[in-house]
Structures are given as structure tokens and as C-alpha cells.
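Understanding the architecture of this molecule
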Amino acid sequence: MTTTDILEGRKAHIHEKGAVPFNIACEKQSVAGSVSQRACVFCGSRVVLYPIADALHVIHGPIGCAAYTWDIRGAWSSGPQLHRMSFSTDLQEKDVIYGGEKKLYQALVELIEHYRPKAAFIYSTCIVGLIGDDVEAICRRISAETGVETIPVHSEGFKGSKKDGYSAACNALNQLVGTGDTNGISPLSINILGDFNIAGETWVIKDYYERMGVEVVATITGDGRVDDIRRCHGAALNVVQCSGSMTQLATMMKEKYGIPIIRASYFGIEDMSKALYDVAEYLNDKTVMRNTQNLVRDEVSKLVPQLRKYKKDLKGKRAAVYTGGAFKALSMIRSLRTLGMKTVIAGSQTGNQQDYARLQELSDEGTIILDDTNPLELAKFLEEKKADLLIGGVKERPIAYKLGLGFCDHNHERKIGLAGFEGMLNFAKEVHGTVTSPVWKLAALHRKDVWSATSRQHRQGDES
Amino acid sequence: MALLRHTTDDVVERQALTVNPAKTCQPIGAMYAALGINRCLPHSHGSQGCCSYHRSTLSRHYKEPAMAATSSFTEGSSVFGGQANLLQALNTIFSVYDPDVVAVHTTCLSETIGDDIPQIADAAVAKGFVPEGKCVIHCNTPSYVGSHTTGFANMTKAMVDYFSTSTSEDKIADQINIIPGWVEPADMGEIKRLVKMMSLKGITFPDTSGVLDAPLTAEYNMYPKGGATIEQLEATGDSAGTIALGPICSGPAAEALQNKCQVPQNTLPLPIGLRATDMFIQTLRKYNGGNVPAEITAERGRLVDLVSDMSQYFYGKTVALWGDPDQLVSLTQFLVDLDMRPKYIITGTPGKAFLRRIGEVLGDGVKDVIVKQGAQADMLYIHQLIKRERVDLLIGNTYGKYISRDEDIPLIRHGFPILDRIGHQYFPTAGYRGAMRLCEKILDAFLDRQDRDAPEESFELTM
Ligand code: SF4
Ligand code: SF4
């Protein structure tokens, strides 16, 4: 990382594979003053609980926190759409001085009467933590008075990072788990944890499991339903995707109900197939195993020929991956390999030591590994490493474009499903579309002098 | 769609609840305004989350990187105050990102803790964290007061408080300050073009043109070329006058400049639509000796010509509008001039002055208009009104798309934020040319609709 000036405080968060033994700093708050891409506890819990579509989600605080999270996730529901509304107590100055408890109580009474939701999640934001409203007591009172279980989510933003929000969400979910009737659940059954049904991805995964002959008791939280979550402790196995968001809930269920955990990733051919086989193996049922073999064989043989034409164009192109969690980055690197591409930068906002260690194991020599990067740093590495593609989230897209390189959203703003075998095909298409877009040729003219570059082009055009 | 089944036509009185807000919080406005200073890095003094949301929302709307740093509050900061964080932040910012200005705004959290930003900034200077010739400005933006427009106004006023200086009693006759208000970068560009055509030297602040509509150069530039420079901001104190476009977003800065440097101020509506643009040009005439170049008169003439061609289609059409007060006042005026009928006008931004100004614009001629502002003036409310009595057209930000779909009413995206369309940052709606574009969009919406709904026998080539 010679030509890049890196802030002292950031050095520990950057690792170059092969240069020195692996040792990266992570799971820390960003240095004050950095242009961090990170969010807060509230953001973490909100994104995890958001897809529970028949619950009421009420944000207790000033208007902003609610406004910015209003229907930005694209976590599809096959039924109710209540989760897509934005409810806020919209605290005003006088509430901040005298407390917002009355207002919250009143709001919940009005809402529950109107919508009769299956349950209600009440998110406390920074200011509520500071003024000390007793949200818990109000939730208890509302639950008792209305019969609708009202669950506080302790998500004051300043109490940590997005990851701590996952934990707050798991605690909230834990209040529901175990409260429903488990009669009639098949021994060949699982819960899908940690998928958020962005662009319908949960449906794809659920369909695979059902084709294998496995009953899916609850999808937590993509296309989630309160009643399913109540009885999900009746499942034989928890299949957890994503390193951060749902592991804690699965662990709680393991301790309390003895339900084992399998980790899975649904991105890319290898990881997707492995996820299905792992489940089949665990359930140890001949029919399920046979179904799984058939399914994987069918899907892969359909998929591989379709990937060929993309691979031809993408071979040797260089990618940078910057995701929310680090677990996903691993699948990305593998998927990019499937397309013949090389990952030259890999990073995440919330990875832990273990994630990063695996990331570096998987990476080629010279790959830059980044924790909690900032735009300046990211842009410099993108240039230095001559990336052709950046995979990231909403704030990274314009940075990639400004540099004149392709971009693929692998965060919550993607509009096409990237999970599963058909997701891999979508991914290939999207990467191909952006990496080979003619616009980057036009953009590249700017790197030199546009006018002399274009006159050269025209001359070449004349000759041919 | 089931999403909207949740809206019924019985308007329930709500006291404690905002549903689907028609506003957001102060810091995002401060952040947007600060990006209109050349080589400025906005800084959010609070937890990481707010800053991250504000940047994402600006990025989604402008399709540009929106840079800002954060104090990254932890639990400790919320107990002991954020002084240590801000000191460290300023040190980091100047050594890593090298801006000329850091524009600090507070969030709910730091505001409630009561951090004293100027005092901390002074301490940072004393510690040598702020290099020579660089500066830190600030404004307070508690989110539980006002809305995003208030934050915009506060940061714009901070530019005056920190920079404006008058170097002599005599003002520079042909130099005027333009405070454009919260509009798109392209609108700021259009406003500047008009000022230039009027042969005046304008200082526009904040000026996000060139910053949030920067060209693609295949290089990443943290500070694009645009924005008001420190020298320009300082020079505002010597201008002959200030034109504040929109009283909510631009009024406070203009007033401060008048008090601080005796620069006389003119507060006008945002120059959106014909009459508001007329007022703008008329005011510019005060400073250029009364001349209006023929080209501007011709632009106006073209607009009137266009409106005359379109007038048969506009007559009597009803409209529901929501958004920021400054925007709504000018838009309403324009719609009335187009012979349309604004029917529901909603803003989440509190402030009674808005009701009076809308009342003036509507006059006695337009009857039965429902105007509402404040916490319960939200998208749920406007939807309920529409369910009771339909309108022909919706004009407002992206959040109206649910109503548009559910009620099958065309929506013209206007205002902030627009999250689902691209191009708005490049095409102005301000000035006469902007008004022409607005007209075109409105008419297209009506005629597309007519084509789509026409039965085979009345589907016609000419319309
Ligand atoms: S905490 Fe306050 S400043 Fe932050 S997003 Fe929420 S309303 Fe806005
Ligand atoms: S940091 Fe606090 S105030 Fe800001 S968005 Fe998160 S919860 Fe809201």
C-alpha cells in the first residue's frame, strides 16, 4: 500500500495478503472524524425485524430515524404489507423535555386499535435512551390492555454499531419464540434464519428446501410472520445465513430447545449447493438426500452453460467487494471466481477476526482486506488495484461510477434476487452488464484529454 | 395492493402519531447546505447512524457521493459529552481529508446533551488541530424542532455568521447575493444564469451546482469544483443587496446579513413558475439600472406561448401537493396561473406563516382548498383526503408513488427526496425555462393518461 496515504488510526484496519502475518483490527467504532459508511444500533435492529410483515413497527423518537427507514429495504412480503408503513412518535422539543412516554402510549393505543397487528415492535432511538423513557413499562401496559404482544427493541443508536442492533433484534424475537403450538411439525423441518427476502430471495431458497421434501417452519425474518416465529422452536434444525444478524437467536434456541445450527450462504454455485447438502446430510433421510442430488444436478446443469457467455467476457477482470457483513464477501469472491474474475479488494463494515481470517485465506496474494473503510481510502485502492467492478451498497455506487467503473449492489438495494442458482445467473448478468458497459469507454476518455482522445478515436474510425 | 389497504377514507384524529411523514429532520438540510461551500466537509456531531442515513438519502436523491464525517458517539459520549470526539474528529478530518471548511451540525443527541460547539472548535484551534487558513463553522440542528428545511436555513445562516464581512461603508453596486434556497443543483445553475444575463455579479450561497451534479471525469474527487468559496462568502458583506429565495430556507441568512453588514435584503418566493420568476427578475432590475435583456423577455414570452398552447388541457384540473413550504407556495401560485386547482396542500414542516402565505397565493378565487402543516400533516392524511375526493394530478416527492398507484392518479415528482427517478438533478424547474419543463411534464402526464384510458374509437393521432 505504498502510494496510499493512510491515516495512522486506519492502518490497523487494512491488511495486504502476503505482506505480513494476518492481523487486522475490527469490531471497533470508527475513528471520530472519519467518513465512515457505518450505521447505528437502530439501523441494525430495524433491518433485521423489518420484513416481519404482519407486525407493527413503531419508531419512538424524532422524525428522522423513521423517515430514513421508511420502506427502503425491498424485503418482499407474500401477504400483509404493514411493515412498509412508517410510524413515528415524531418527538418535539417539549417531549424531549417532559418525556415522551405519554405520547408513545397514545400512539400505540391508536395504532393497535386501527391495525390490530399480530405483534408490535417498538424501537427506541438515541434520544429516547437519553431522556430515559421507560419504554419497557409502556410495552407491558399496552400488551396487557390490548392483548397484542408489544415488544421493546433496545436500539439506541449510540450504544454500539449495527451489529449490536442485530443483537437487540434477536432479543426482541426471542420473546416470540416458544409461544406457539408446535403440533404437526415434521421431523424433517427447518427454520430459515438471516435471509431478508430482498427481491424475493427467501422464496427461492424456501422453494429449494420444499423440493427437497423439507418443511420450512419459519422464515426469519424475510417474508416473516409472527405466528410462524412463535412456533419455530418446533423445527428440527436452524439454518443461519449471514455471519452477524441471526446467530444469536439461533444460539439462544440451541440452548433453550436444543435445536442445532447450520451456517449457510446462498450465493454462488458452491455455497448454495453446500447449503442444501448440509441440510440433507443433517436430516439424514434417504428421500431428502436423493431429492437434493436431483435438485442440485438439475439446477447446476441448467445454469453452467448459461454462465459461459458471460464468463468469456469477464475472464481476468478485477473486482472489489465491500459488503455489510464479511461472511457474504466470501461467497462473493467464490462467485466472482466462477465468472473468471479476480477479487483484488475485499472488505466489510462489520466483520470479525474470524471472518477476516477466512477472507484472507481465500484471497489471492496482494488482495487488500479492509475493515470499515472510508470513501477516500476505498477510491484510492480501487484506482491502485485497477478494479473493473465494485460490489457494495448505496453510498458506494456513485463513487464507483465517478471513477468510471462498474458497480453491483449486493446490499439491500438490489432489485433482482442474487441468491440461489437463478440468483447466480442474475449476478452474472448484472456484473456482465455493468463491467462491459460502453459508458466506461466514454468515461475513460476523460482520463486523458477528452478532445485529443476523441480526435484520435475519430481518426481510427475513419481508417477502418 | 395490500400495502394501501391500510389507508381508509375516514380521517381519524391523531394526536401522538405521524404516519408516513411529509418531512424529515434538520441535520440532512444542514448537510446539503454545507455541500454548497467549495471544499467543505460537512460534519455530523452525534452517533454514526444519523450521518449514515443522511448521506444515503442525499446519495439516493442526487446520485452523487455525499461526503460527511461523524463524531461517532459512543455510550460514553452520551454521558460525558462529545467534546473529546469532536476534538479528535477535527484533528482527523484536517489531516486526512484536507477540506478548507468543516461545517459542523448537531444531531438530536449532541443537542440534548448540550455540547457547546463553538467552544470545542476554539479548543481545537488552540490545540493546533485546525491548520492556518482553514475554518470550522457550525449550526445547531435539533431534529425535534422544525424539519430538514430548518436545518438548511440554519447552516445557510451560519455561512453569514462566520464569513460575511463588510470592508467598507460603500457597497459594490453590481454585486448581489443570491440565496437560492433548497432546490436542485440545476436550479441553482439556472438562477445563476439569469443573474449573469442581467449583467450582475452574483454570489450564490449555498451553491451545490458543480458539487452534486459534478461531471464524470474517471477520477474520484472528494471536493468537486463547485460551491461558494470562502472569499465569495466573505465578500457577501460588501454586496449591494441580498435576494433570499424562499423565506423559510433563505430568510434567516438574509436577515443576519442585513444586521451584520447592512446589506439590504429582499425575500422572495422561490422562482418556480412564471410570476415568481417575474418577481425575481424585477428585483434584479433594482440593481442593474432597470435593464432586462431582450433574451430574458423572449424566454418569458416563450413560456407564455407554451402555456397558451396548453391552456385548454389545464383548465380546472385538480392537484394534490406536498413538500417543503417554500416550494409549495411558488408551485401553488404557478398552478393557479395555469388555471388548475390545487386542492390539498400538505407540509410536515411546522410553522403557521405557511398557511398565511398559501392563503395569499390562493386569494379568494380558489375555493375549498385544504391546507395543513405540522406533525399530523403526513402522507397518510393526504391519502385519506384523496380517497374522499379524488384529484387529477399529484405533485410531490417520491413518497407519493404509493398513492399514485393505489388511486391510479399520475404523479409528477418534484421536491426532495426523489429516490426512484434519475435526471432531476440536471434539469431545472426554476426560472422561465424551468417553468416550461414543469408545464411539459404536467401536460405529458395528462395526455399519456388520456391515451392510456381512451377506448379504441376515441383514441386519436392528434390531441
Ligand atoms: S436521531 Fe435525530 S438527527 Fe438522527 S436521524 Fe433521528 S431525527 Fe435525525
Ligand atoms: S444514531 Fe440514533 S438518532 Fe441516529 S439514526 Fe441511529 S438511532 Fe436514530
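Conventions adopted
Chains are numbered independently. Their residues run from 1 in the order of the written sequence. To read the labels, note that chains go from A and ligands from 1, taken in the order they are written. In view of the model being predicted, local features appear only for residues whose pLDDT reaches at least 70, and side-chain atom pairs are presented and counted only at 80 or more, with totals across whole chains, interfaces and linings using the full set of residues. Only heavy atoms go into the side-chain values, all of them from the structure, while hydrogens and water stay out. UniProt positions are given in the numbering used here, feature names are shortened, and annotations may be inferred rather than shown by experiment. Labels follow the DSSP assignment, with helices taken as runs of H or I lasting at least four residues and strands as runs of E lasting at least two, numbered in each case from the N terminus. Radius of gyration: C-alpha atoms only; globule rule: 2.2 Å multiplied by the number of residues to the exponent 0.38. Here a residue-residue contact requires only that any non-hydrogen atoms of the pair lie within 4.5 Å. Note on areas: these come from Shrake-Rupley sampling with a 1.4 Å probe, and a residue is covered only by the protein chains present in the view. Residues scored as positive are Lys and Arg, those scored as negative are Asp and Glu, and His as well as the terminal groups of each chain are ignored. Positions of charges follow a simple convention, taking NZ of Lys, CZ of Arg, CG of Asp or CD of Glu. Buried means the residue's accessible area, taken with a 1.4 Å probe over protein chains only, is under 20% of the maximum for its type, while exposed means over 50%, and partly exposed covers the values in between. A 1.4 Å probe that fits but cannot get out identifies a cavity on a 1 Å grid over protein atoms alone, an open set with protein on both sides within 12 Å along at least five of seven lines counts as a pocket, and a residue lines either if it has an atom within 4 Å of a point. Grid points are joined across faces, edges and corners, and a volume is the space filled by probe spheres set on the points. Here's the idea: put two parts together, see how much 1.4 Å probe accessible area each one loses, and the total over both is what we call buried area. Salt bridge, as used here: a side-chain nitrogen of Lys or Arg that lies within 4 Å of a carboxyl oxygen of Asp or Glu. Where helices are involved, their axes are fitted lines through C-alpha atoms of the stretch in contact, as for all axes, and angles between N-to-C directions lie from 0 to 180°. Angle categories: roughly parallel below 35 degrees, roughly antiparallel above 145, roughly perpendicular from 65 to 115, and oblique for all the rest. Whether a crossing is left-handed or right-handed is set by the direction in which the near helix is turned from the far one by less than a right angle, anticlockwise for left-handed and clockwise for right-handed. Ring geometry is summarised as follows: Phe, Tyr and Trp rings, the Trp one being its six-membered ring, pair when their centres sit within 6.5 Å, and such pairs are stacked at plane angles under 30 degrees, edge-to-face over 60 and tilted between the two. Here, a charge over a ring means that NZ of Lys or CZ of Arg falls within 6 Å of the ring centre while also lying within 35 degrees of the ring normal. Near, as used in this document, describes a residue that has one of its heavy atoms within 4 Å of the molecule or strand being considered. Amino acids outside the nonpolar list (Ala, Val, Leu, Ile, Met, Phe, Trp, Tyr, Cys, Pro) and the charged list (Asp, Glu, Lys, Arg) are all regarded as polar, and Gly is one of them. Pairs of N or O atoms within 3.5 Å make up the polar contacts considered here, provided that, within protein, one atom can donate a hydrogen while the other can accept it, and that residues adjacent in sequence are counted only when both atoms are side-chain atoms.

For chain B, the name recorded in an unreviewed UniProt entry is Nitrogenase molybdenum-iron protein beta chain, with Novipirellula aureliae as its organism. Regarding chain B, the UniProt comment filed under Sequence similarities (unreviewed entry) reads as follows: "Belongs to the NifD/NifK/NifE/NifN family."

Below, the discussion takes up the overall build of chain B. For chain B, the helix and strand inventory stands at 18 helices and 14 strands. Expected size for 463 residues packed as a compact globule is a radius of gyration near 23 Å; at 23 Å, chain B falls within 12% of this value. Pairs at least 24 residues apart make up 75% of the contacts formed inside chain B by residues separated by at least 6 positions. Of the accessible surface of chain B, which amounts to about 16700 Å², a share of 50% is contributed by carbon and sulfur atoms. Positive and negative side-chain charges in chain B, numbering 42 and 53 respectively, have mean positions lying 2 Å apart.

Looking now at the overall build of chain A. Scanning chain A from terminus to terminus reveals 20 helices and 14 strands. Computed over its C-alpha atoms, the radius of gyration of chain A comes to 24 Å, within 12% of the 23 Å expected for a compact globule of 464 residues. Considered along the principal axes of its C-alpha atoms, chain A spans approximately 80 × 60 × 45 Å. Per-residue burial over chain A gives 62% buried out of 464 residues. Long-range pairs, those at least 24 residues apart, make up 73% of the contacts in chain A between residues at least 6 apart in sequence. Looking at chain A as shown, the accessible area adds up to about 17300 Å², and 49% of this sits on carbon and sulfur atoms.

When its volume is computed, the largest pocket comes out at roughly 1400 Å³. Lining of the largest pocket is provided by 47 residues; of these, E413 and K415 of chain A together with K63, L419 and D420 of chain B occupy positions nearest its centre. Counting residues per element, the ones that place at least two in the lining of the largest pocket are helix 17 (397-403) of chain A together with helix 3 (48-62) and helix 17 (401-407) of chain B. By residue number, the principal contributor to the lining of the largest pocket is helix 17 of chain A, which donates 4 residues.

Taken together, the contacts link 70 residues of chain A with 69 residues of chain B. Of the roughly 6300 Å² buried where chain A meets chain B, counting both sides, 63% is carbon and sulfur surface. Of all residues in chain A, Y68, W70 and K402 of chain A bury the most surface against chain B, accounting for 14% of the area lost on that side. Scanning the region where chain A abuts chain B turns up 2 salt bridges.

Once that is clear, we can look at the UniProt feature "domain: Nitrogenase/oxidoreductase component" (unreviewed entry) in chain B. Taking the numbering used here, the UniProt-annotated feature "domain: Nitrogenase/oxidoreductase component" (unreviewed entry) corresponds to residues 25-446 of chain B. Taken end to end, residues 25-446 of chain B comprises 48% helix and 15% strand; its first and last C-alpha atoms sit 34 Å apart.

The next thing to look at is the packing of helix 5 (residues 83-96) of chain B against helix 7 (residues 117-126) of chain B. Residue and element names in this part refer to chain B. Their axes nearest at 10 Å, the elements helix 5 and helix 7 cross at an angle of 45°. Of the possible angle classes, the one that applies to helix 5 and helix 7 is oblique. Regarding helix 5 and helix 7, the two cross each other, and that crossing is right-handed. Along the contact surface, helix 5 presents Q83, L86, L87 and L90, while helix 7 presents I117, Q119, I120, A121, A123 and A124.

In this structure the tally under the stated criterion is 17 aromatic pairs over all chains. Ring centres of Y32 of chain B and W182 of chain B lie 5.1 Å apart, and the angle between their planes is 35°; on these two criteria the pair is classed as tilted. Remark: W182 of chain B occurs in the loop between strand 6 (172-179) and helix 9 (185-197) and Y32 of chain B occurs in helix 2 (residues 26-34); sequence separation between them is 150 residues. Among the aromatic side chains, those forming a connected cluster through ring pairs are Y32, Y62, F152, W182 and F416 of chain B. Sitting over the face of the ring of Y123 of chain A, R46 of chain A holds its NZ or CZ atom 5.4 Å from the ring centroid.

Surrounding ligand 1, one finds P62, G64, C65 and Y68 of chain A together with C25, P27, C50, H54, T107, C108 and S143 of chain B. Near ligand 1, the surrounding residues are drawn from chains A and B. Listed by contribution, the elements that provide at least two residues to the shell around ligand 1 are helix 3 (63-68) of chain A together with helix 3 of chain B. With 3 residues, the top contributor of residues to the shell around ligand 1 is helix 3 of chain A. When its residues are assigned to classes, the shell around ligand 1 shows 7 nonpolar, 4 polar and no charged.

Next up on the list: the site of ligand 2. By nearness alone, every residue bordering ligand 2 is listed as C40, F42, C65, T125, C126 and G157 of chain A together with S47, G49, C50 and Y53 of chain B. At the site occupied by ligand 2, the surrounding residues belong to chains A and B. When residues in the shell around ligand 2 are grouped by element, the largest group, 3 residues, is from helix 3 of chain B. Of the residues assigned to the shell around ligand 2, the class counts are 6 nonpolar, 4 polar and no charged.

What follows deals with the side chain of T367 of chain A. Residue and element names in this part refer to chain A. With respect to the element layout, T367 can be found in the loop between helix 15 (353-362) and strand 12 (368-371). From its side chain, T367 meets the backbone oxygen of D364 in a polar contact 2.7 Å long. When residues no more than four places from it in sequence are discounted, the contact partners of T367 are H15, E16, K17, T343, V344, I345 and A346.

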